[in-house]
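Now for the letters of each chain:
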Amino acid sequence: MARERISFFCSSCGHETGKWLGRCPGCGGWNTFQEAPVKTKGARTSSAAAEHPPEPLIGATFTEERRLPTHSTEMDRVLGGGIVPGSVILLGGDPGIGKSTLLLQLAAAVGEQSGIVLYVSGEESRQQVQMRAQRLGICGDRLFFSSEADLGRLRNALETVKPALAIIDSIQTMSHPDLQVPPGSIGQLRECTAELVRLAKFQNFSCFLIGHVTKDGSLAGPRVLEHMVDTVLSFEGERHQNFRLLRAVKNRFGATNEIAVFTMGEAGLAEVANPSALFLDGRAADIPGSVVVAALEGTRPVLVEVQALVCPTVFGSPRRATTGVDYNRVVLTAAVLEKRVGLNLANQDIYVSVVGGLKVIEPAVDLGVALALASNFRNIPVDAGTVALGEIGLTGEVRACGQVEQRLREAVRLGFRRFVIPERNIEIRERYPDLELIGVKTVREALDRSL
Ligand code: TYD
Ligand code: MG
């Protein structure tokens with residue numbers, strides 16, 4: 001029997017010690033240490049080494065395996081072109097956001113086209129999953145279900161069923177037979193994930209793990225979980241809106257920050273091929289304080305409307321509140337407008353939001369925010385067919401931004417013709433003679449040309 005030693009892990013940063021500590025030296029969190037008996041590594045590692053002797057990296061026969069298509073172009077793009085066989089993908093998201101729905105739909109599609117899929121649910125009963133499958137109109141005999149929460153027995157099931165894809169809903173409900181601690185604890189999460197990663201590589205099936213998130217939105221369990229898997233996806237959305245964003249936070253097989261947009265309806269999740277149109281839907285033209293920006297989400301440009309409201313502070317110190325944009329960048333932009341342009345915002349409350357619930361944290365949206373603020377403050381609308389782009393520096397200069405042409409093309413597709421862009425990017429003008437491209441060096445110049 002393996003000798004056990006007790007170790008402790010910080011539940012927020014994964015710091016490991018031999019004794020319990022009140023405060024984590026890694027992240028400074030209080031009372032975050034949890035106990036986890038860890039098996040001393042023995043036979044498993046040594047035999048694994050013997051099975052796979054080292055071989056030359058270059059020159060050895062190499063065939064890239066065909067990725068499993070998910071039959072959703074949106075999902076495929078986020079994954080970098082389908083599911084890589086043998087890879088492990090962690091999907092995190094708030095409760096009730098639609099993780100189980102998303103993966104059940106994906107399971108059905110993969111089952112139909114690419115092989116057997118095993119859906120393991122420790123959260124819901126067979127009846128509940130059956131009811132959901134019925135609601136989603138899923139049929140087919142290659143989708144298998146198991147409610148096995150014991151990893152030892154699940155291992156046997158995986159050997160028998162030999163799935164192309166396994167879905168674990170959720171990793172917090174799995175328990176490793178060698179550990180005495182309850183499911184969901186740090187030790188269990190680490191050991192179960194490690195074991196599933198090993199099985200997936202060894203038996204060459206792909207594996208989705210559903211993970212819960214904590215109150216602050218990070219995946220429950222130490223970050224070590226994110227290091228162990230190949231891809232981390234996060235499923236986001238506002239509870240009172242029906243669209244959902246799937247974002248690749250980490251991807252060993254594709255670009256990160258790639259997003260897919262879905263809407264949640266009666267028959268489950270449907271992909272949105274044209275998110276810009278969705279985000280700009282219902283936009284009222286010629287209202288002071290509204291500007292369209294072209295943000296880059298991964299490799300894809302998405303057009304969103306930035307709205308600003310500036311009104312005199314009635315009581316106390318002025319408020320600044322933001323939704324969907326970086327708070328600090330808005331404060332900085334307001335300070336630049338105050339000092340470099342001379343707008344008197346110091347006694348004004350400022351509210352900035354991105355319509356539709358998308359979060360755009362790119363600096364390239366700065367100029368859009370500045371224009372929206374100034375437009376609302378001066379009560380002059382910015383021309384509704386204008387898109388603004390550019391990062392703002394502390395001296396009030398407008399800095400160049402990347403992939404301008406890509407953003408431009410997306411905006412042109414949606415009917416925009418007028419662009420306020422950094423002077424440094426203006427060389428693209430000759431390729432777009434029929435568009436109105438305005439190059440600006442400073443924020444002041446951008447305001448002069450737009451308001
Ligand atoms: P679910 O996939 O159970 O979320 P999670 O696994 O992330 O906790 O989705 C739950 C929500 O989705 C629930 O509030 C009902 C809603 N829903 C629909 O609106 N339409 C549907 O077709 C389905 C299956 C769920
Ligand atoms: Mg669920």
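Fair warning: this is a prediction, and the values are worked out from it, not measured in the lab. All residue numbers here refer to positions counted from 1 along the written sequence of the relevant chain. To read the labels, note that chains go from A and ligands from 1, taken in the order they are written. Whole-chain, interface and lining totals are the exception, using all residues; otherwise, since this is a predicted model, local features are given only for residues with pLDDT of at least 70 and side-chain atom pairs are given and counted only at 80 or more. Derived side-chain values reflect all non-hydrogen atoms in the structure, with water molecules and hydrogen atoms excluded from consideration.

> Help me understand the sheet that holds strand E7 (residues 165-169), please; the structure alone is not making it clear to me.
Pairing between strands is defined by DSSP: at least two bridges between them are needed. Helix and strand assignments follow DSSP, with helices taken as H or I runs no shorter than four residues and strands as E runs no shorter than two, numbered in order from the N terminus. Ordered in space as E6-E5-E7-E8-E4-E9-E10-E11-E12, the nine strands form an open sheet in which the pairing is mixed. A single partner strand is all that each edge strand has here, and the edge strands are strand E6 (143-146) and strand E12 (268-271). Strand-to-strand twist in this sheet, taken as the mean axis angle between neighbours without regard to direction, amounts to 25 degrees. Taken together, the five bridges between strand E10 (residues 243-251) and strand E11 (residues 259-265) define a ladder with antiparallel strand orientation. Each bridged residue has a counterpart across the sheet, and for Arg247 the counterpart in E11 is Ile259. Orientation is described by axes fitted as lines to C-alpha atoms, over the contacting stretch for helices, and by angles from 0 to 180 degrees between their N-to-C directions.

> Teacher, can you tell me more about the site of ligand 1 here?
To be near a molecule or strand, a residue needs just one of its heavy atoms within 4 Å of it. In the vicinity of ligand 1 lie 16 residues, with Gly96, Ser100, Thr101, Gly265 and Gly268 positioned nearest. Polar contact is the term for a pair of N or O atoms within 3.5 Å; when the atoms are in protein, one must be able to donate a hydrogen and the other to accept it, and sequence-neighboring residues count only if both atoms are side-chain atoms. At a separation of 3.2 Å, a nitrogen atom of ligand 1 approaches a polar side-chain atom of Arg135. Gly268 has a polar backbone atom sitting 2.8 Å from an oxygen atom of ligand 1. Protein contacts shield 72% of the accessible area of ligand 1, which totals 560 Å² for the unbound molecule. Accessible areas in this description were obtained via Shrake-Rupley with a 1.4 Å probe; residue shielding takes into account the shown protein chains only.

> Could you clarify how one ought to interpret the side chain of Thr333 in this entry?
Here Thr333 is to be found in helix H9 (residues 327-341). Given a relative accessible area of 0%, Thr333 falls into the buried group. Non-local contacts of Thr333, meaning those with residues more than four positions away in its chain, are made with Asp366, Val369, Ala370 and Ile392. Each residue is assigned to one of three classes by its accessible area relative to the maximum for its type, calculated with a 1.4 Å probe on protein chains only: buried under 20%, partly exposed between the two thresholds, exposed over 50%. Should any heavy atoms of two residues lie within 4.5 Å, those residues are counted as being in contact.

> Which parts of the structure should I look at to understand the sheet that holds strand E15 (residues 320-323)?
Strand pairing in a sheet is mediated by backbone hydrogen bonds. Such pairs are either parallel or antiparallel. Strand order across the open sheet formed by seven strands is E15-E16-E14-E13-E17-E20-E21, with mixed pairing between neighbours. Sheet topology places E15 and strand E21 (436-440) at the edges, where each strand pairs with a single neighbour. On average, each strand axis in the sheet is inclined to that of its neighbour by 25 degrees, with strand direction left out of account. Docked against the sheet, helix H10 (residues 366-378) engages strand E13 (290-297), strand E14 (300-312), strand E16 (348-354), strand E17 (386-388), strand E20 (418-422) and E21, running at close to 35 degrees with respect to E14. On the sheet, helix H12 (residues 443-450) packs against E20 and E21 and is oriented at approximately 150 degrees with respect to E21.

Read these as geometric descriptors, not functional statements.
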